[in-house]
Each structure stands twice: as structure tokens, then as C-alpha cells.
Amino acid sequence: RVPGDDVVAEAGACLAAALAAAGHEVVGCDQSTVAVAAVASNKPRAEPGLNDLLAPLVGTPRLQLTATLDAAVKQSEMTFVVVPTPSTPYGSFDASAVHDVTRQVSTATVGEHTLVIVSTVSPGTTGRIASFFESERFSIMYAPTFIALGSVLDGLRHPDFRLVAELHNGLLAE
């Protein structure tokens, strides 16, 4: 997370809250302790409806919060990566934050694990990320969200369309 990048923090908090509200056990992780504390205290958020969705979930088994990625990954079967991928002057996306996080996930992964890239990335990025994982017991999915700040929850609940691709043991399925 880039300091001051509230859009990414809102998108990640919305995804965590939506999954927890749907009944999944979620370990929300932001390496910024300030961001984790803001969600834990249900500090007023810019995203409409997010505070109401978070209020009954924070601190329950359905939504745990941490600033330690290693601990979050070890408690999970699936990791969703929601980090900034700003546009470059050449029209592609800067996926350095995605690469940094997925390298950390690869070293923390124990047993079978699914990595879901939610951030927007350029074609070929998931293939490069696959090289970070030595185990054949992982899957990488690309499932970007096409959302705008102010309508993130609505976009997650009612997307215009869904795009999902999966790389499992080196094989691509769309």
C-alpha cells in the first residue's frame, strides 16, 4: 500500500467486508498499521455503506485484521491481492506492488493455496508471478474488479461483467 492511497485501502476493505458478510472467514491484511487500526475502529469511511457492513463483522471470527502478511497467508487458503497498479507513460500498469506482495505470499504459503490478483495488471503478469511459487500446490487467478470509488460495494455485489482466468500447475484456464 502506498501512503495516502486511500482508493486501494477502500477497495481492499470493501472486498474483505463483502466476503465476510457473505459468510466467509476473512483475514484482512494491510501492511499499514494505521489502515488496519482505521478498519478495526470502524473509523468513518468514504465508501457508502462500508461502515454499516463492517460494524457487525470487525473482531468476529469472520473478519480478523492484521498488518502481518505472513500470518494472514498462513491462516488462509486463498489470498486476494488488492494493491495499487498505476498507469505508466507507456500505457501499461506498474505491477511492482503486485510482484512485491506475491513474492511475500510465495514464501509464506504452506500447503495448497490460491492467489487471486484483483489489481489491474498487464497481460503476462500472472505468468511471471507463477515463477515465484516453487510448489505445484498453488493456483493463480486473475479476477480484476472494475469499480470506482464511491460505488465499490455496489460494483462488487453487482458487477457489469466478470473476468476470471486461472493458472494451475502451469496450465491456463479462462
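Fair warning: this is a prediction, and the values are worked out from it, not measured in the lab.

Draft legend 1. Seen up close, helix 5 (residues 96-108). If you check helix 5, its first and last C-alpha atoms are 19 Å apart, about what 13 residues at 1.5 Å a residue would give, namely 18 Å. Ala97, Val98, His99, Val101, Thr102, Val105, Ser106 and Ala108 are the residues of helix 5 that are buried. The inward-facing, buried residues of helix 5 abut helix 4 (69-74), strand 3 (78-81), strand 4 (113-117) and helix 6 (125-130).

Draft legend 2. Layout of the pairing of strand 3. Only one face of strand 3 is buried: it carries Thr79 and Val81, and the other face, with Met78 and Phe80, is open. As paired strands, strand 3 and strand 4 are joined by four bridges and run parallel to one another. What sits directly across from phenylalanine 80, in strand 4, is valine 116. Handedness of the β-α-β unit built from strand 3, helix 5 and strand 4 comes out right-handed.

Draft legend 3. Structural context of the nonpolar core. Membership of the largest hydrophobic core comes to 20 residues, with the highest contact counts inside it found for Val98, Val105, Leu115, Ile117, Ile129, Phe133 and Ile140. Sorting the residues of this core by element identifies helix 4, helix 5, strand 4, helix 6 and strand 5 (138-142) as the ones contributing at least two each. Element by element, the count of residues in this core is highest for helix 5, at five residues. If we skip the residues at most four places from it in the chain, isoleucine 117 touches Val81, Val98, Thr102, Thr126, Ile129, Ile140, Met141, Tyr142, Ala143 and Pro144. Membership of the second largest hydrophobic core comes to 19 residues, among which are Leu54, Leu57, Leu63 and Val152.

About the thresholds
- Residues numbered from 1 in each chain as written.
- Predicted model: local features only at pLDDT ≥ 70, side-chain atom pairs only at ≥ 80, totals over all residues.
- Heavy atoms only, no water.
- Helix = DSSP H or I, 4+ residues; strand = E, 2+ residues; numbered from the N terminus.
- Expected span 1.5 Å × (residues − 1).
- Buried < 20%, exposed > 50% of the residue type's maximum accessible area, 1.4 Å probe, protein only.
- Contact = heavy atoms within 4.5 Å.
- Pairing = 2+ DSSP bridges.
- Right-handed = clockwise from strand over helix to strand, strands pointing away.
- Core = buried A, V, L, I, M, F, W, Y, C linked by side-chain atoms within 4.5 Å.

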